[in-house]
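Inside the fold
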Amino acid sequence: MSNKTRSGTLIIMPAWNEAEAIGDTVREVRRVVPEHDILVVDDGSHDDTASIAEQAGAAVLRLPFNLGVGGAMRTGFKYAIRHGYTSAIQVDSDGQHDPHDIDRVLAGLAEADISIGARFAGRGAYDARGPRRWAMSVLAKVISKVAGTELTDVTSGFRAANERALHQYIDHFPAEYLGDTIDSLVVALKSGCRVVQIPVEMKVRQAGTPSHSPFKAMIYLARSGLVLCFALARRRPRVQVDLVTPRPGDIAGEGSVPA
């Protein structure tokens, strides 16, 4: 991928062992929004995720071992800034995010630094029940107060960031469990970033099996509560004045992508 971008927006897909879905996902996104560049961050996969993504037309960064979504996204953000993109959007590699919503979510950046594609905002039929839904509702209410605006889906990974948010992310984006959603959002808000949400629809994942069960839902409820408490207890990050562009050696896996 060259430094000359077509739209100024980079689509980042973190992927871990998504060989069954990544090819179709990349091709569908390229068909719907061909003006945007796609970067797949292969998060230490043991299958053919990276090669299939390349064959489908995406640029690929290969991480040597699994860092989790937070670590993969932080790598993608550094790459976006290094290559001159002014915005980036996270899209799931399993095909659940509708490519037709990408530009709708990006449009939210006209009035905010971070735009969230919200599943529980009156559009689509996506639903969650039991402890998982309770946790999502509590998280949304608490973080809405921090944001000063109503947010209904603060755990959504379908979110876009402008240049200001990207620079904030590479300094403070957490890699811990739920850090890529809850913690990163709270830290960004404390840093002064503005947030909006855009109603979106969710698709059925193209491959694999969702990991939902009553026991896992209870674990999710407990862990998300702890993550929120730690996020709220964090000190307000120092606002960075100088926007520093990451050097080649700062970006894990960049050797696998032509500059």
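Note: the structure precedes this text.
The model shown is predicted, which means the values in this text are computed figures rather than measured ones. (Residues numbered from 1 in each chain as written. Predicted model: local features only at pLDDT ≥ 70, side-chain atom pairs only at ≥ 80, totals over all residues. Heavy atoms only, no water.)

**Structural notes on the overall build of the protein chain**
Spelled out, the test is: Runs of H or I in DSSP of at least four residues are treated as helices and runs of E of at least two as strands, each being numbered from the N terminus. Summary of the burial criterion: residues with accessible area below 20% of their type's maximum are buried, those above 50% are exposed, and those between are partly exposed, where the area comes from a 1.4 Å probe applied to protein chains only. Every accessible area reported is derived by Shrake-Rupley at a probe size of 1.4 Å, with residue values counting cover from the shown protein chains alone.
For the protein chain, the helix and strand inventory stands at 8 helices and 7 strands. Relative to its full complement of 259 residues, the protein chain shows a buried share of 53%. When the accessible area of the protein chain is evaluated, it comes to approximately 12000 Å², of which 53% is carbon and sulfur surface.

**What to know about the packing of aromatic side chains**
In this description, an aromatic ring pair is defined by two values, namely the gap between the centres and the angle between the planes. For clarity, the cut-off: Two rings belonging to Phe, Tyr or Trp (six-membered ring only in the last case) form a pair when the distance between their centres is within 6.5 Å. Interplanar angles under 30 degrees mark stacking, angles over 60 mark edge-to-face geometry, and anything in between is tilted.
For the coordinates displayed, the defined rule picks out 1 aromatic pair. Residues Phe77 and Tyr169 carry aromatic rings whose centres are separated by 4.8 Å and whose planes lie at 25 degrees to one another, so their mutual orientation is stacked. One end of the pair, Phe77, is in helix H3 (residues 68-82); the other, Tyr169, is in helix H6 (residues 163-172), and 92 residues separate them in sequence. For the pair formed by Phe77 and Tyr169, the shared burial category is buried.

**Considerations on the nonpolar core**
Quick reminder of the rule: By nonpolar core we mean a set of buried residues, namely Ala, Val, Leu, Ile, Met, Phe, Trp, Tyr and Cys, connected to one another through side-chain atoms within 4.5 Å.
Phe77, Ile114, Ile143 and Leu185 are the most contacted members of the largest nonpolar core, which totals 34 residues. Those elements that place two or more of their residues in this core are strand E1 (9-15), strand E2 (37-43), strand E3 (59-63), H3, strand E5 (114-118), helix H5 (130-147), H6 and helix H7 (179-190). Examining the composition of this core, we find that 6 residues originate from one element, H3, more than from any other. In terms of nonpolar packing, the next biggest core, distinct from the first, is built from 24 residues, Val29, Ile38, Leu106 and Val200 among them.

**Section: the packing of helix H1 (residues 22-32) against helix H2 (residues 49-56)**
The line we're drawing: Axes, fitted as lines to C-alpha atoms, cover a helix only where it is in contact. Angles between the N-to-C directions of the axes lie from 0 to 180 degrees. Oblique is the label for any angle not covered by the other classes, which are roughly parallel (under 35 degrees), roughly antiparallel (over 145) and roughly perpendicular (65 to 115). By definition, any crossing whose near helix is turned counterclockwise from its far helix by less than a right angle is left-handed, and any crossing with a clockwise turn is right-handed. Two residues form a contact once any of their heavy atoms are found within 4.5 Å. Classes in brief: Ala, Val, Leu, Ile, Met, Phe, Trp, Tyr, Cys and Pro nonpolar; Asp, Glu, Lys and Arg charged; the others, Gly included, polar.
H2 packs onto H1 with a crossing angle of 25 degrees between their chain directions and a minimal axis gap of 8 Å. As judged from the angle between their axes, H1 and H2 are roughly parallel. Crossing handedness for the pair H1 and H2: right-handed. The segment H1 lies against H2, with Ile22, Gly23, Val26, Arg27 and Arg30 engaging Thr49, Ile52, Ala53 and Ala56. Its residues assigned to classes, the contact of H1 with H2 shows 5 nonpolar, 2 polar and 2 charged.

**Concerning the pairing of strand E6 (residues 159-162)**
Stated precisely, the cut-off is as follows: A pair of strands counts as paired when DSSP detects no fewer than two bridges linking them.
On E6, burial covers both faces: Arg159 and Ala161 on one face and Ala160 and Asn162 on the other are all buried. Where strand E4 (residues 87-90) meets E6, 3 bridges bridge the pair, whose relative direction is antiparallel. If you follow Ala88 over to E6, its bridge partner there is Ala161. Pairing analysis gives 3 bridges linking E5 to E6, with the strands arranged antiparallel.

**A look at the pattern of salt bridges**
Rules: By convention in these notes, a salt bridge is any Lys or Arg side-chain nitrogen within 4 Å of a carboxyl oxygen on Asp or Glu.
Within the structure shown, the criterion is met by 7 salt bridges. Across the pair Glu54 and Arg62 runs a salt bridge, and its minimum N-O distance is 2.9 Å. Judged by relative accessible area, Arg62 falls into the partly exposed class, the value being 33%. Ionic contacts of the salt-bridge type, sharing partners, join the residues Asp113, Arg164 and Arg194 into one network.

**Some remarks on the sheet that holds E6**
Reading across from one edge, E3-E2-E1-E4-E6-E5-E7 is the order of the 7 strands in this open sheet, with mixed pairing throughout. The open sheet has two edge strands with one neighbour each: E3 and strand E7 (195-199). Put simply, the sheet's adjacent strands are angled 20 degrees from each other on average, direction ignored. Bridge count between E5 and E7: 5 bridges; the pairing is parallel. In the sheet register, Ile114 faces E7, and the bridge partner there is Val195. Sheet strands in contact with H1 are E1 and E2, and its direction is about 165 degrees off that of E1. Taken strand by strand, H6 contacts E4, E5 and E6, and its axis lies near 100 degrees from that of E6.

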